[in-house]
Amino acid sequence: MKREFAGSLRATDVGRRVRLSGWVHRVRDHGGVMFFDLRDRSGLCQIVVSPQDAAAGTAARLRPEWVIAVEGTIRMRQEGARNAKIATGDVELCDVALEILSESDVPPVLPSAAEAPDEAVRLRYRFLDLRREEMQQNLALRHRVLQASRRHLDAAGFYELETPMLTRSTPEGSRDFLVPSRMQPGSFYALPQSPQLFKQLFMVAGFERYFQVVRCFRDEDLRADRQPEFTQIYIEMSFVGEEEVLGLAEGLTKALVAEAGWDLQLPLQRLTYQEAMARYGTDKPDLRVPLEIQDLANQAGAFDAPFIQTALAQGGVLRALRAPGGAQLSRKQWDELGREIERFGMKSVPYIALTQEGLRGSLAKAVRPEAQDALVQTLGLQTGDAAVIIAGEEERVSLALGVLRLSFADQFSLRQSGHRFLWVTDFPLMEWSEEEGRAVSRHHPFTHPHPADVDRLEAEPLAVRAQAYDLVLDGVEVAGGSIRIHERPLQERIFRLLGLSEQETKDKFGFLLEAFRYGAPPHGGIAFGFDRLVMLLAGVPSIRDVIAFPKTAKGSDLLTGAPSDVAQAQLDELRLRVQEEAKR
């Protein structure tokens, strides 16, 4: 008899004889009548064994997580015994023949437990943790979203092509994982941070529409939405501009989120980078938070505060953020908020609060009495509200208010229901690196500058806009891309601006520049952070919950013990030596 899935049985199957295989989920002894739930990846099915059944002796031995095969007849459960919480809750299997396929020790991670154990235990016994319903559902969603991407892109005329896993180290903004070459001692491959250059070469090669589901590697500090190895969906298109790429990406996004039951309305909202920073204090705003930063430059006269006038005279800004209900915050809570913005050079949070007795707060005495009513109206304050008011250099002020905006959202439960996508466009092409003491690419050095800004490259490189765009979901970047440079002279200009010598350019990117000599079409693309997107679709807090075998925050694999020492013979073969202090 052919095996069937336990979770597929319904009332319409009553009377059928079926064969199931899976794991024992729970066992219950009701006065000699054994009830146990059989679990496979499709769900649960209740099995009933009476004392007079031939399988009674075997059923009495069963324990959670034993692997069994069972053959039986489907019948309706008795009225009052039905379970609306599971899909098979109307039926059960009786008159069974039972076979034990494998026994189990008491597992350290029990799938039937109401709560999951500590994450360290989950990762150490990941093969057991993956049996839990939540993890099964997360990885099933990952599969469906992945297949939807392939269907959509295939229908749109894209080829799925592969790029090398062993390539050369090139600057992509993060540290490379290096792989020593045995055949060329002293030389190293790098695991790819992205297939950026190869996908551009596919465009030069005339394939026109490429995509790839690819593993990428970055040796960087980890957090909840970051792993040293991760999955991206890369897309590249020839003979397109920004609008075509964004249109394709929107259609793909709609198809992907439909797998989680979301109905996405197109077109998506767009903000330029400058608009996003001015209104939300971040280039990835969470639009579920109904707070916006306000420009108070026209209200500067309302304040008798020299630091405000000084900041404005030095080219700074004066901006505010309303905190609904903020008047109830204690001095200690305001001090805690101040520590959140210390990294932006702020020593405290200047604020006013509207109370029944009038204005209160650290900045209240600086508001001129005759200007109070107009200021309160401009800020939209209701009794019980507060407003943070900061003057200073524009970027620092925006970033500080952006952090406080999210803190207020958490403090006062301001996030609205649903999900909000938007595009952020027109990013700066370059930014200043204090660490390197020079301008560096904000995205990557192959991003095309905005055509209107190309003539400003040498004179004002930090003012040049890029033809770059990010897709943001609920405050998280889930995709990013750009129109690429396809003209060799322009690409060489960018390399010079980034401080690369002619020899460095030739060594690292000579193959790309050579390709541009032979008819490179205009092209652009986008990459979706697949793990991050699935994390948001699944509604879980960490990408580790949608990756089968992830690393810890320290980059360790608790299941296998990686990274680990290797035998001296392997090091000798690669002509490598480990310094003793490195081991300590």
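This text gives an overview of the structure that appears in the document.

About the criteria used
- Residues numbered from 1 in each chain as written.
- Predicted model: local features only at pLDDT ≥ 70, side-chain atom pairs only at ≥ 80, totals over all residues.
- Heavy atoms only, no water.
- Helix = DSSP H or I, 4+ residues; strand = E, 2+ residues; numbered from the N terminus.
- Contact = heavy atoms within 4.5 Å.
- Expected span 1.5 Å × (residues − 1).
- Buried < 20%, exposed > 50% of the residue type's maximum accessible area, 1.4 Å probe, protein only.
- Salt bridge = Lys/Arg side-chain N within 4 Å of Asp/Glu carboxyl O.
- 1 Å grid on protein atoms, 1.4 Å probe; cavity = no way out; pocket = protein on both sides within 12 Å on 5 of 7 lines; lining within 4 Å.
- Points joined across faces, edges and corners; volume = space filled by probe spheres on them.
- Nonpolar A, V, L, I, M, F, W, Y, C, P; charged D, E, K, R; others polar.

### Thoughts on the environment of Glu259
And step 1. Position of Glu259 among the secondary structure elements: in the loop between α6 (242-258) and β11 (269-272).
And step 2. Sequence separation between Glu259 and Val145 is 114 residues; the distance between their C-alpha atoms is 6.0 Å.
And step 3. Setting aside residues up to four positions removed in sequence, Glu259 forms contacts with Leu141, Arg144, Val145, Ala148 and Arg151.

### Considering α6
And step 1. Over its 17 residues, α6 extends 24 Å from the first C-alpha to the last, a length consistent with the 24 Å expected when each residue adds 1.5 Å.
And step 2. Here α6 has its buried residues at Glu242, Val245, Leu246, Leu248, Ala249, Glu250, Gly251, Leu252, Thr253, Leu256 and Val257.

### Considerations on the pattern of salt bridges
And step 1. Scanning all chains against the criterion turns up 46 salt bridges.
And step 2. One salt bridge in this structure joins Arg3 and Asp40, with 3.5 Å as the shortest N-O distance. Of this pair, Arg3 sits in the segment before β1 (17-30) while Asp40 sits in strand β2 (residues 33-40), placing them 37 residues apart in sequence.
And step 3. Asp40 sits in the buried class, given a relative accessible area of 6%.
And step 4. A salt bridge links Asp453 to Arg465; its shortest N-O distance comes to 2.9 Å. You can see Asp453 sitting in the loop between β19 (438-441) and β20 (468-473) and its partner Arg465 sitting in the loop between β19 and β20, a full 12 residues away along the chain.
And step 5. A relative accessible area of 3% means that Asp453 is categorised as buried.
And step 6. The exposure class of Arg465 is partly exposed, given its relative accessible area of 30%.

### Examining the layout of surface pockets
And step 1. A volume near 1,000 Å³ is recorded for the second largest pocket.
And step 2. Lining the second largest pocket are 37 residues, with Arg39, Gly43, Leu44, Arg132 and Glu133 positioned closest to its centre.
And step 3. Counting only elements with at least two residues in the lining of the second largest pocket, the list comes to β1, β2, β3 (43-49) and α4 (133-155).
And step 4. Per-element tally for the lining of the second largest pocket: the top contributor is α4, with 8 residues.
And step 5. Tallied by class, the residues present in the lining of the second largest pocket amount to 13 nonpolar, 11 polar and 13 charged.

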